[in-house]
Structures are given as structure tokens and as C-alpha cells.
Amino acid sequence: MGLLNTSQLPIRAAKWCLSSLSTQKSWLSARSTCLGDKNILLMGPPGAGKTTVGKIVAHKLGLPVIDVDDDVLETAWKMPVAAKLAAVGGRCFLEEEGRALCNFSASGCVVSLTGSNPLHAEAMQHVKQSGLVFYLDVDSEDILQRLTSMKVNRIVGQEEGVSMRDILLYRKQFYEKWLDVRVLCGTGDIVEEVAEKVLKAVERYQKSDEETFISTRCDSAGLSKQKIYFSDVVVEGLAPDGGLYVPKNGFPKIGTREWQRLVEMSYPERALVLLEKCIHPLDVSALDLRTMIFKAYGSNFASKAVAPVKHLAHNQYIQELFHGPTASFKDLALQLMPQLFAYCLPLMCNYLILVATSGDTGSAVLSGFSRLSGTDRHRTGVLVFFPEGGVSEIQKLQMMSYREGNARAVSVLSDFDFCQRNIKRMFGEAGLTGHLAVEYGTVLSTGNSINWARLLPQVVYHSSAYLDLCRDGVIKFGDPIDVCIPTGNFGNAMSAVYAKQMGIPIRKVICASNHNRVITDFIKTGQYDLRGRSLMLSHSPAIDILKSSNLERFIYHVSDGNSHLVKDLFTRLDRQQHFQVPEPLLGTIQQEVLSGWCSEDDCLAAIQRVHTQTGYVMDTHTAVAKFVADRLQDGSCPVVFCSTAHYGKFAPAVFKALQIPNIPEDPAEQLKKLELIASRPEMHREMIKCLKESAKRKHSICEAEYSVLVDQVESMIQDSFLKVM
């Protein structure tokens, strides 16, 4: 399994592993920033306007234009395309069209392909060598209207009994297969608007070296250093200066008519469109991204909808984010993030993913990385640290169920903040990271939400919740909603802020805390104060966090990228355990987010009250959100609660809330008893399965000392990468 010969590690590993990231960056920085003599190939269904768009784009760019129908096929056949189709029939037409295209040769042109060219694999492989394929993803209803008005009669497959809608649906798979860049067209876009979007897509591709990332603590001198791309931040996780990576130019803004196109799409389709806009195709190709997304959000989710929105009562809705394999919202990111990580890995190193968890991240990251295969899995290890007394018994058993290959979970006799703080310390110690590279050929990375590839997929489900409400007729696009989120490390809340930045009309992000209310206190006062503050265990352990990592991204966002301020504040937090933001900035923060907290008794009472009124059983974190929203949200617009985990993960607390006596000791029996009581949502089958697998397994427990955690890291590397050559 391992890739490195240990006898040669001291010299060769140092050269390969310590320079692997910079080697990757050198390759990326050398990537072409212009199309050169490549063709701009316009692909799309009949009626997409390829010919007219091609002429406009060619004129704007000062390039020759070629229309395959008029300039290639009819020239070769000496007859109109419609006559050829009528003469030979659809199947023969595709073959003859393909042969003609295989003889096509041009460079530096705008080429409008036919709607049927992508159906011939050999022809598309040939023509794609000459340029980049820009897919005009036009709304089907717009196309049907155009084709009806044009009375088109020369479309392959157009025959009695076959609807044009079926033809378009069948062809879509071929367009998705061959595209390099999607040009998403809004509902009702005219050809001039489509052409403008093509030009912007070409410009984005040409300026790929501008789609970079910076640290939240990066000073002006740092901006002149080597450029950091998506591929880099996925692998590195934490910036070298201790800050968190963010896109230098922010998030892409999506127009209303484009959002409306997404309303009827499935969750994977929405994810694909949104993430294509956030990940440059030179970092991850469109086809590879599609493969990853459809693998991430497939049969491994219990609900076909992936993250369905359910009506609770009045103007309140619940987005169920617990249908993934480990029954928590972390699956929405961690079924995709490991694939992105493996895709972006430099060639010659092993990687150890370090994760601190307050409960849900641990099993989710172990599940996600366990789905990697082949060399990717063998080169990647996962080590999870969790607080021994700070997670539920079922969460602990879930983590214990992943013990195969390069995966391990270790409990620490401390709290989540200790685990997270010491993982960050490891990243910052050059002596340690250098030693691991030289001795073992291994580089450290992280799977926590400080890693951009963990946070980015979460933007999708906030967007999807809004689109579901549009699809179901609850709102029209443009109407506001509020989102209430159980908040600990601030990653979930930050992803909602980013969804708003992309164009989702979120009025307020409501941050809901338990009695560890450091976020609530900060948003109300502008003071982040950890002095003399001890973590208190709660019924909602996933938000038992005092030092919120992603708050750094939020302050960077609301301060308009003031990295000097961010660095000063968080350096002060590390050294003095507190900071105070300036008064004007506090005003901006309070315009963006609301905050409130929930006591332990109020949390349990919320579970009991909702179950009595609706039959729905919330988990403890969702109950925190429900209680806070009831106090802060005015009911003038819908509010969506992020239901971050299945209630079964916190069975004892739910039993207590519902006042059910005689709780079984065995976690599996607890879930069986709960299943008899709760009518909705349904019990999570995968959770029951993993409890059976892990019931008899024991786990490692270590002291709360930095050196002990380092020993665990070194032991993990030795077991994972050095025993298998």
C-alpha cells in the first residue's frame, strides 16, 4: 500500500515531501492564462442559439467564426443538412456527420457545433483537441419555444411519437460529458445575453491566475508572494501564517434568472452548477467534478432529496441535514471533500488528515475518507481526536466503527478546544512537520472546517433550502427567509453568509448557542472573552465549543477584508484570551447576524413541545435553534432551522425530553425503543448498522498533553504508511 521506501526516506522524502506543495504551485502558476490558438467551441442543444452567439462572440473577440452546419457539413455534402438527414435517416446521419467533423481542422476560431455533434464520440474527441468546449446550458422551456416558432425539421431523432422534450433530455448526458466550461443561461435569456455570458466565461478561463486565495491574516507584502489556488488550499488546510484561506475576489454573484434555473434541479445538479462557479476548471475539470458530486450525493444518502426541507408549523421549516451515512450535516461536506483532497494531492507524498471533533465531524470524516479507493486511500490516513466526556455514546461508537486501513479515532481527557488548539499548534511547528516529512515522507493536513474544501460544499445546502421553498410555492425567488443555525465553530453559519453573498435572499442568519454562549455574547457585545471561562458539557455536544475557528472568516468578511485587523484580533485572542471589535464593526456584524442562547431545560422542553404538537422529534441541536428562533424571529418571513443531526445520536437526552422511563443501557436498544415512539423523521438505518459493528470494540484514550498527541500522530503514521510497502 505505501508508496515510499523507508530506507531512502531521510534524504529523498525531505526533497519530495517538503517541496511537493511548492512543486504543485509551480505547475499551477505556469498554467496557461490565455486560449492562444485554441478554438472556442460552442456546444448546446438545437435552438440554444449557437450560430448567432458564435457570430457575436467572434465579432467581440476579433476572431474568425465557423458554423459546422453551414461551413463544414453542407460544404462537404454539397447539399442542405435537412436534405441529408431526410435522405439517409438519423443513425446514418450521425455517422456521416461524425466522419465529416473528424476531417475538420482549424485554430483560433469561434466554432458553433451542431446539436448532434456530441453524440459522436470519435468526432468530439477529435474536435476537442483543438479547443475548449463551452456548453450553452439554456433553459429547456426557452428552447422549446424557439424551436416551435422556427418550425425546425432537421433534428436527429425528430420523428413521430418522440417529443422534442425527450430528445433534449436524452442529449443532455452527452453535453455534460464533453463540456469544459458551463455557460448557465437564465430563464428567458436572449441570445445577446447568452453571448455576453460566453465572453465572461472565456475571460474567467483566460484569467485563471486571478482566481486565487489569500489568508485572512495576509498583509500587503504577502499578496506579492506565490499565488495560491484552490488545489493548494484543499491540501494545505491551514495557511502558514495561522490564518484561514478565503477567495481573494470573494464569491461569484449569480443572477435571479440563473437561480430560477436551479429551482427544478436535483440536489447533485444544484451542487454541480454552484461548485463549478467556485472551482476553476483548471483546478478540477468539469467532468471530474461531476463524477465526484454524483458519487458524494448518491445512494449513500437515505433520502433521494439529500437535504430535504420539511414544514414544521406556521412559517417554520426544518432542513434535514442528517440523511447521510453518519446521520449529521457534516456528511454534506465530508462525502465530497475527501475526493477533492485526493484529486489535488501532489504525487510523491503520504498525507495524514488530523481532525478535532466535538462529535459529528469525527465519524463523518472517517466515513468520507474510507470511500476513497486504490492509491488515494493508501496514501491518506485519518486521525481523529475527540473529548472523552464530550460526545454522546452513539457518536463515540460511530467513530469506533471505522477501524480499517489508515483510520483511527483517539479520545482525549479534555475538551474539543484543547484538541483543536493542539492540532493547530502541530501545523505551526516547522520542526515537527519537517521531522514527519523527513522521517516518514508524510505531510499533515486537516479535515475540519478550517479547510476551505470542508466549508465550500456547505454553501450548497443553504442555497438548496431556499430553492426548495421556491419549488414548493412557499415563496417566490427574491422573497426573504431567515436561517437559524446551531452554532459552535461557526462554519455552518459562515456558509450561510456565503450563500447570501452568492445571491440567496437570506435576511438574517440567526446563530443559536447552548449555555456555552460565547458566540451569542460576542455578537451582542463585540467582545470575545475566554478569560476564566470553562467549557460546560451539554445535551448538544457538537456546539460545546468556546474558541470558534470560522469566526475569523466572518470578521474578515464583515470588515471588507481587513487582514491587519483580523491578525491583530486573533493574535490577541491567542495571547490574552480576549478581544473587542471596534464599535462600527459591531454594528455591521449585528446587521448580518442575530444571536441567542438556550438553556439545557429549554432545549429539552422544545423537543417535548414540538413532538406533542406535531409528532416530529428534533435532536438537541435543532431544539436549540428552534428555541432561539422562537424568541428572535418575527414570523414575517419563513425561517429554516438547520437540523444538523438525527435525534437518535442523542437518544438519552431525547428520552429525558419526552419523559420516557426505563431507558435501555445498550445504544442499539435505545434506538429501537425510540423508533416505536417517533413517527417522523424515520430512524436512521445506517446508524443502527454501525452500532452493531462497533459494540464490542474498545478505543484508545490519551492524556491531555501536547506531547502525547504528537506521539499518537507519529504512531499513526508508522502504522499506516511504514508497515505496508
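Residues numbered from 1 in each chain as written. Predicted model: local features only at pLDDT ≥ 70, side-chain atom pairs only at ≥ 80, totals over all residues. Heavy atoms only, no water.

1. Observations concerning the overall build of the chain
Piece 1. Scanning the chain from terminus to terminus reveals 32 helices and 20 strands.
Piece 2. Each principal axis of the C-alpha atoms in the chain carries an extent, and together these give about 85 × 65 × 55 Å.
Piece 3. In the chain, which comprises 725 residues, the share counted as buried stands at 61%.
Piece 4. Counting only contacts in the chain whose residues sit at least 6 apart along the sequence, the fraction spanning at least 24 positions is 78%.
Piece 5. Summed over its atoms, the accessible surface of the chain is roughly 28000 Å², and 50% of this surface lies on carbon and sulfur atoms.
Piece 6. If you average the places of the 78 positive and of the 79 negative side-chain charges in the chain, the two averages end up 1 Å apart. (Helix = DSSP H or I, 4+ residues; strand = E, 2+ residues; numbered from the N terminus. Buried < 20%, exposed > 50% of the residue type's maximum accessible area, 1.4 Å probe, protein only. Contact = heavy atoms within 4.5 Å. Areas by Shrake-Rupley, 256 points an atom, 1.4 Å probe, with all protein chains shown as cover. Lys, Arg positive; Asp, Glu negative; His and termini not counted. Charge placed at Lys NZ, Arg CZ, Asp CG, Glu CD.)

2. A closer look at the packing of aromatic side chains
Piece 1. Under the criterion given, the structure shown has 19 aromatic pairs.
Piece 2. Measuring from centroid to centroid gives 6.4 Å for F213 and F230, while their planes differ by 50 degrees, and the two rings are tilted. With F213 in strand β6 (residues 213–215) and F230 in helix α10 (residues 230–236), the pair connects residues that are 17 residues apart, well separated along the chain. In terms of burial, F213 and F230 fall into one category: buried.
Piece 3. Cluster of aromatic residues (ring-pair linked, three or more members): F213, F230, F251, W452 and Y498.
Piece 4. The ring of Y706 carries the charged tip of R425 above its face, separated from the ring centre by 3.7 Å.
Piece 5. Over the aromatic face of W597 sits the side chain of R517, whose NZ or CZ is 4.3 Å from the ring centroid. (Phe/Tyr/Trp six-rings, centres within 6.5 Å; stacked < 30°, edge-to-face > 60°. Lys NZ or Arg CZ within 6 Å of the ring centre and 35° of its normal.)

3. Let's talk about the domain arrangement of the chain
Piece 1. Each assigned domain of the chain is listed here: domain 1 (39–208) and domain 2 (309–324 + 456–663).
Piece 2. A separation of 46 Å is found between the C-alpha centroids of domain 1 and domain 2. (Domains from an automatic or database assignment.)

4. Side note on the pattern of salt bridges
Piece 1. Overall, the coordinates contain 38 salt bridges when judged by the stated rule.
Piece 2. Between R217 and E552 there is a salt bridge, with its nearest N and O atoms 2.8 Å apart. Here R217, found in the loop between β6 and α10, pairs with E552, found in helix α24 (residues 551–558); they are 335 residues apart in sequence, far enough to count as distant. Assigned by exposure class, R217 and E552 land together as buried.
Piece 3. In this structure, D719 engages R408 in a salt bridge whose closest nitrogen and oxygen atoms are separated by 2.7 Å. Separated by 311 residues along the polypeptide, D719 in helix α32 (residues 706–722) and R408 in strand β12 (residues 407–412) bring together distant segments of the chain.
Piece 4. Ionic contacts of the salt-bridge type, sharing partners, join the residues D137, D139, K172, E176, R182, R261, E276 and R290 into one network. (Salt bridge = Lys/Arg side-chain N within 4 Å of Asp/Glu carboxyl O.)

5. With respect to the side chain of K508
Piece 1. Among the structural elements, K508 can be located in strand β15 (residues 506–513).
Piece 2. No salt bridge is formed by the buried K508; the nearest opposite charge belongs to D482, separated by 7.8 Å.
Piece 3. A polar side-chain atom of K508 sits 2.6 Å from the main-chain carbonyl oxygen of Q591.
Piece 4. With near-sequence residues (within four places) excluded, K508 lies in contact with I481, D482, V483, Q590, Q591, E592 and L594. (Polar contact = N/O pair within 3.5 Å; in protein donor to acceptor, adjacent residues only side chain to side chain.)

6. Description of the packing of helix α7 (residues 140–150) against helix α8 (residues 164–178)
Piece 1. At a minimum axis separation of 11 Å, α7 and α8 run at an interaxial angle of 130 degrees. Taken together, the axes of α7 and α8 lie oblique to each other. The interaxial crossing formed by α7 with α8 has right-handed handedness. When α7 is examined against α8, the residues S140, E141, I143, L144 and L147 are found in contact with a partner set consisting of M164, R165 and L168.
Piece 2. Of the residues that constitute the contact of α7 with α8, the class distribution is five nonpolar, one polar and two charged. (Axes fitted to C-alpha atoms, helices over the stretch in contact; angles between N-to-C directions. Parallel < 35°, antiparallel > 145°, perpendicular 65-115°, else oblique. Left-handed = near helix turned anticlockwise from the far one by under 90°. Nonpolar A, V, L, I, M, F, W, Y, C, P; charged D, E, K, R; others polar.)

7. What about the sheet that holds strand β8 (residues 309–313)?
Piece 1. If you walk across this open sheet you meet the six strands as β8-β9-β19-β14-β15-β18, and the pairing is mixed. Only two strands of the sheet have a single partner each, and these edge strands are β8 and β18 (593–597). The sheet shows a mean angle of 25 degrees between the axes of neighbouring strands, taken without regard to direction.
Piece 2. Where β8 meets strand β9 (residues 316–320), four bridges bridge the pair, whose relative direction is antiparallel. Bridge pairing in β9 places K310 opposite I318.
Piece 3. Sheet strands in contact with helix α21 (residues 452–471) are β8, β9, β14 (481–486) and β19 (639–643), and its direction is about 140 degrees off that of β14. (Pairing = 2+ DSSP bridges.)

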